[in-house]
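Fold and contact review
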Amino acid sequence: MTLFSIARKNIKRNFYNYFLYFASMIFSIVIFFTFVSLQYNDQIVKATTMKVDGAFKAASVALIIFVSIFIWYSNAFFTRKRKKEVGLYSLLGVKKKQIGLMLFYENFVMGILALVIGVILGALLSKFFVMLLMKLVGAAAVDVHFMISGKAIIETVIVFAIVILITSFEGYRLIYRFKLIELFQAEKKGESTPKASIFAAIFAVILIGFGYWLALDMSLGIWSNFLFTVFLILAAVVIGTYLFFRSLSVYLLKLSKKNKRYYYNGINIIGTSQLLYRIRGNARVLTVIAILSAVTLCAFGTSYSLYYTNKKSVETQYPFSFAYISQGPALDHKVNEILDQAKDHKVTNTVSVPALKFEADLPDMDNPPSQYFMDLRRVTLMPQSEFNKLAGELGIDDKIHLKGNHAIALDNEYNANYSPKYKGEHAIIHSKPNKATLEFIGFKEFNLLNREVGGLTVVVNDQLFNQLSKANPVANIKEINVTNAADAGQLSNKLADILPEKAKFSDFYKAYKGAMSASGIMIFMGAFLGLVFVLATGSIIYFKQLTEATADKDRYDILRKIGVSNKEIKGSIAKQILFIFALPLILGILHSAFALASLSKLLGQNIVIPVLISMGVYTLIYIIYYFLTVNSYDKIVKAKKRI
Amino acid sequence: MKVMLEAGNVKKVYGQKGHIYTALKDINLEIKEGEFVGIMGPSGSGKTTLLNILSTIDQATSGSIRIDGNDIGKMKEEQLTSFRREKLGFIFQDYNLLDTLTIEENIVLPLALSKVKAKEIDRRVKEIAGKFGIEDILSKFPYQVSGGQKQRAAASRAIIANPSLIFADEPTGALDSKSATALLQSLSQLNVKDHATIMMVTHDAFAASFCSRVLFIKDGVIFTELVKGETSRQEYFQKILDVLSALGGGKGDLI
Ligand SMILES: Nc1ncnc2c1ncn2[C@@H]1O[C@H](COP(=O)(O)OP(=O)(O)OP(=O)(O)O)[C@@H](O)[C@H]1O
Ligand SMILES: [Mg+2]
């Protein structure tokens, strides 16, 4: 029997294990290749600013780390399954060196094969993959033309060649690292319990704290060596997390073991001992899950925050789907006809607001708001009764009562640092017959008129408005809300075609799409990475569960034989898995909170709401994962036949 | 005396279409409370199969089994597990110790599962470990102890909860003669003092001589039985050997 024929028989017999390993390698290669292809995409390269470039680099570092961890993990899973087999060869008198070489070749050939298949599959699928993702993310506005780049292929090949070489050496080393007896006991023997050292726990907290501090500090401007800083943060947090889990989990489990009242109470003894049995492996898995959760949350959090802040600012600038200045009843009628014909969009609200536009001076303001300049140094006056009516219709609980020449500005782009303070400041309007002076007594952080038609909108008392409208032309501003405004491209074009320049047609759709495509690449990248990492976390949990459930099956069979009910077994499994799930989720959320706080500083925006929503959604997905895991674990353990 | 276990026309067929194998053909037996019954027979004759079926771990293809008046064929899975926990004790041929637990934890498992107080558990473990001479290995894991020690641990686990019916499959298979005798004596003490009913599968005529009755099976049917009655153990041992040689296959095949 040649070594080659033994190896071939092996692959046949262990097909399932080989397949899992092979598939996870191909999966990693396809993901990495797709991402790198995006990075070298001409269009994206053109659109990338400095900031995006940094984020891209950070993301690809994260992806390389992830891919290495993932392949290393699958390899460890795979190798563990084969320890016994290796022991058998050794027993049969095959030389260690030969076995080592066999494992090396096997892994190397599989790796190269996976690389070739992965790149081909990546090239074929990534376009489709990207399109699918865009659909999923709803980022239809991001228009990325996808193509295969040589650079991406080269980079993928280099990264994976290194990873494959390292894992192949691992296989070679396997045979030298273990004694024959250990190879046979691989499945039976528990892992030696590490000591619960206070020192390690403190060191872990210090490392994590250092990582957090660096993350917060980085946003203050130590950008000079971005990659190095990111690497340092990652290293500190990853090592800190590992040490933390190792000491904490040992401490918790030992504590519960010491408490005999708890330990000797029903099935607790089983769960606790199972967890202790695999303590080192558990610490590793907890770390990997915590880090992956943190990365996922950061990716989702970042992209969702960008999306959220963009959407929010467009929504405040465009309270209505469409707005224009009326150019007479004939044209209004045409507009209404077009709106009636639109099948996909129903009109939910139409308002007509009288307004006066005046050129104006703002003598007290150092930094007049941008809307003023956009509207050619004009302000738009609106009577308070109209304001109150409109606000009521839009569900805004706000009423204005003004006296004399008092006025309130509607500044929806208000920023505490840059905007004028308004209160006590004046506007001199060039009305006929005489100029008039308005005194601001305050402002609101929203507007009721769309940006193009409203400009800097100023609410005044009705008497003043009526008086001014005697000698000055009153504009009639039409505002319309329709359903699905974010998709109203066609409708918007039709309206723009019939409305003249003077009407200052303003539509939510165009502004929204503009904002989305500006930050679309970032949003897309975040969503892409987020999805990849959610999948990765899922598969790692799957691997763990598959290995352990299969190994634990015998134990649960024994338990059933001595009279433990299925219900109790499921309860114990649920508790054990909860331990594995809950700890890393908590730490992962904490990690991402600091990372996103740093992002918030960087953006100069409050992103608490989108971050909380991302965390909520992730936790929900995670809880679903939890129940799925408990169920399939339970199924494997209860199955009559061995898997 | 009350009937503890009753089996009628028990049949067991392994495998599905094509590869079927009838391990038990038509088994009828009755065990009274307080009996110590041995089961002997050549390898592959169906001893383990019979024990598994009688002890509710496996299901018969047909036939009925009543334990302590309960028809176990009619019990639901949940009922069976609690029945097993409360009434039955097991010593398996391949030990069936949990390798995640220390020897001590393995032994206390039935008590822990029945939520006995920790103090009481500690007391019982000490007592039983003393009986079987395994005090020194209590904190070790199964992979760290010898086969005989594992078997004694398994026996300790089987009897710690004072079950009313104990099933033992080759309990002395891995023991040297001294520990085998110790184990058999404690089983027999359990039988005499605590009136526990015991059913033991064995290859070993010496072990079988501790029983009050021995059933011999061959090719899935009960071939004959031998009651100890008033005979001495020495005589009984000799009689068992006689039956075994009559059963064929010779002594060598049986030990
Ligand atoms: N799960 C199974 N599937 C198919 N056949 C089985 C199964 N278990 C046992 N057998 C067959 O049933 C027969 C009886 O097996 P059993 O284990 O009861 O024998 P035994 O008398 O306990 O033997 P030993 O003394 O070697 O332990 C054997 O021929 C065995 O091959
Ligand atoms: Mg047997």
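Presented here is a report on the structure given in the accompanying data block. Just so it is clear, the model here is predicted, and its values are computed rather than measured. (Residues numbered from 1 in each chain as written. Chains lettered and ligands numbered in written order. Predicted model: local features only at pLDDT ≥ 70, side-chain atom pairs only at ≥ 80, totals over all residues. Heavy atoms only, no water.)

**Focus: helix 15 (residues 384-393) of chain A**
Residue and element names in this part refer to chain A. Considered for burial, the residues of helix 15 that qualify are Q384, E386, F387, N388, L390 and A391. Where helix 15 is buried, its residues meet strand 2 (347-361), strand 3 (378-383), strand 4 (406-410), strand 7 (456-460), helix 17 (462-471) and strand 8 (475-482). G395 sits one or two positions beyond helix 15 and adopts a positive phi of about 80 degrees. (Buried < 20%, exposed > 50% of the residue type's maximum accessible area, 1.4 Å probe, protein only. Helix = DSSP H or I, 4+ residues; strand = E, 2+ residues; numbered from the N terminus. Contact = heavy atoms within 4.5 Å.)

**Observations concerning the packing of helix 3 (residues 103-113) of chain B against helix 5 (residues 147-159) of chain B**
All names here are of chain B. In contact at an axis separation of 7 Å, helix 3 and helix 5 are set at 25 degrees when each is read in the N-to-C sense. Considered as vectors, helix 3 and helix 5 are oriented roughly parallel to each other. Considering only the axes of helix 3 and helix 5, their crossing is right-handed. Of the residues in helix 5, those in contact with I103, N106, I107 and P110 of helix 3 are A153, S156 and R157. When grouped by side-chain class, the residues that make up the contact of helix 3 with helix 5 number 4 nonpolar, 2 polar and 1 charged. (Axes fitted to C-alpha atoms, helices over the stretch in contact; angles between N-to-C directions. Parallel < 35°, antiparallel > 145°, perpendicular 65-115°, else oblique. Left-handed = near helix turned anticlockwise from the far one by under 90°. Nonpolar A, V, L, I, M, F, W, Y, C, P; charged D, E, K, R; others polar.)

**Considering the packing of aromatic side chains**
Both the distance between ring centres and the angle between the ring planes are used here to describe each pair of aromatic rings. All names here are of chain A. Inspection of every chain in the model, using the stated rule, returns 23 aromatic pairs over all chains. Here Y414 and F443 contribute two aromatic rings whose centre-to-centre distance is 4.2 Å and whose plane-to-plane angle is 25 degrees, an arrangement assigned as stacked. Highlighted residues: Y414 in the loop between strand 4 and strand 5 (426-429) and F443 in strand 6 (residues 436-444), separated in sequence by 29 residues. Given a relative accessible area of 23%, Y414 falls into the partly exposed group. Here Y422 and F440 contribute two aromatic rings whose centre-to-centre distance is 5.6 Å and whose plane-to-plane angle is 70 degrees, an arrangement assigned as edge-to-face. With a gap of 18 residues between them, Y422 in the loop between strand 4 and strand 5 and F440 in strand 6 connect regions that are remote in the sequence. Residue Y422 shares its accessibility class with F440, and that shared class is buried. (Phe/Tyr/Trp six-rings, centres within 6.5 Å; stacked < 30°, edge-to-face > 60°.)

**Remarks on the sheet that holds strand 6 (residues 88-91) of chain B**
All names here are of chain B. Pairing is mixed across the open sheet formed by 6 strands, whose spatial order is 6-7-8-3-9-10. Edge positions in the sheet fall to strand 6 and strand 10 (221-227), since each has one partner strand and no second. Sheet twist, expressed as the mean angle between neighbouring strand axes with direction ignored, is 15 degrees. In this structure, strand 6 lies alongside strand 7 (residues 165-169), joined through 4 bridges in parallel fashion. Within strand 7, the position partnered with I91 by the bridge is A168. Contacts from helix 6 (residues 177-193) reach strand 3 (36-40), strand 6, strand 7 and strand 8 (197-201) within the one sheet, and its direction differs from that of strand 8 by about 150 degrees. (Pairing = 2+ DSSP bridges.)

Interpretation in functional terms is not warranted from these geometric data alone.
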